[in-house]
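These are the residues of each chain, in order.
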Amino acid sequence: MAEIRHISSIELPNEVFLKEVGKLIAEGHDVTLRVRGVSMRPFLEDRRDKIVLTRLEQIEVGDAVLAEIAPGKYVYHRIVHVEDDVVTLRGDGNIYGTEQCRIENVVAATKALIRKDKRYSPEGRAWRCYSALWPDWPLARRVLLKLYRIFRCDRG
């Protein structure tokens, strides 16, 4: 008799996994991913939060999106500027760095954020308020991120 094993997780290279995620989203499916990395801190925390991605309807400055910024290289960052068909992105936890891609390389929009079993919508008051208040000025970002790292209560 064959042995049945439960696999709790597998790891794939981002370029393989996120390409497949993009295909699912293009087919009309929503996809939920656990956040990896700190580039969207303090908005999203590594391995704690999840994002629900959906098909892109429109692009607006302030939206957090999944984008392919180079062949096989994906980021989940906030749109900071759109000019013609070029989108400029920056992670909330990044002080200076930005990335660019073409509009057609924006793979997915955010449908929701899940933190500690609570779901937040991009249309909700908390999300909109955070997006509007998070500073664009590098010095303010540096100070606020330092304070966040010092004082955050849930360190894991």
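Residues numbered from 1 in each chain as written. Predicted model: local features only at pLDDT ≥ 70, side-chain atom pairs only at ≥ 80, totals over all residues. Heavy atoms only, no water.

**Some remarks on helix H1 (residues 14-26)**
Working step 1: Its 13 residues place the ends of H1 18 Å apart at the C-alpha level, agreeing with the 18 Å of an ideal helix rising 1.5 Å per residue.
Working step 2: Among all positions in H1, only Leu18, Val21, Gly22 and Ile25 are buried. Projected onto a plane normal to the axis of H1, the buried residues spread over an arc of 100° and lie on a single side.
Working step 3: As for H1, its buried residues are in contact with strand E1 (31-34), strand E2 (50-54), strand E3 (64-70), strand E4 (73-83) and strand E7 (106-115). (Helix = DSSP H or I, 4+ residues; strand = E, 2+ residues; numbered from the N terminus. Expected span 1.5 Å × (residues − 1). Buried < 20%, exposed > 50% of the residue type's maximum accessible area, 1.4 Å probe, protein only. Arc of directions from axis to C-beta. Contact = heavy atoms within 4.5 Å.)

**Topic: helix H3 (residues 138-151)**
Working step 1: Between its terminal C-alpha atoms H3 stretches 20 Å, which fits the 20 Å expected from 14 residues at 1.5 Å a residue.
Working step 2: Of the positions making up H3, those classed as buried are Arg141, Leu145 and Tyr148. When H3 is viewed along its axis, its buried side chains cluster within an angular range of 60° and face the same direction.

**Some points on the side chain of Asp92**
Working step 1: Summarising the element assignment, Asp92 is placed in the loop between strand E5 (86-90) and strand E6 (99-102).
Working step 2: Among the polar contacts listed, one links the side chain of Asp92 to the side chain of Arg78, at a separation of 2.9 Å.
Working step 3: With sequence-adjacent residues up to four places away left out, Asp92 is seen in contact with Ser39, Met40, Arg41, Phe43, Arg78, Tyr130, Trp134, Arg141 and Leu145. (Polar contact = N/O pair within 3.5 Å; in protein donor to acceptor, adjacent residues only side chain to side chain.)

**Some points on the packing of aromatic side chains**
Working step 1: Following the criterion strictly, the structure yields one aromatic pair and no others.
Working step 2: Considering the side-chain rings of Phe43 and Trp127, the 5.0 Å spacing of their centres and the 80° angle between planes classify their relative orientation as edge-to-face. Here Trp127 lies in helix H2 (residues 125-133) and Phe43 lies in the loop between E1 and E2, a separation of 84 residues in the sequence. For the pair Phe43 and Trp127, a shared accessibility class is recorded, and that class is buried.
Working step 3: The ring centre of Phe43 lies 4.8 Å from the NZ or CZ of Arg78, which sits over that ring. (Phe/Tyr/Trp six-rings, centres within 6.5 Å; stacked < 30°, edge-to-face > 60°. Lys NZ or Arg CZ within 6 Å of the ring centre and 35° of its normal.)

**Here's the deal with unusual backbone geometry**
Where the residue is not glycine, phi is negative for most of them; where a peptide bond is considered, it is trans in most cases.
Working step 1: Here the amide bond leading from Arg41 into Pro42 is cis, since omega sits at 10°, within 30 degrees of zero.
Working step 2: Look at Arg47: it is not a glycine, yet its phi comes out positive at around 65°.
Working step 3: Its identity is not glycine, yet Lys116 carries a phi of approximately 50°, on the positive side.
Working step 4: Relative to the elements of secondary structure, Lys116 occurs in the loop between E7 and strand E8 (118-120).

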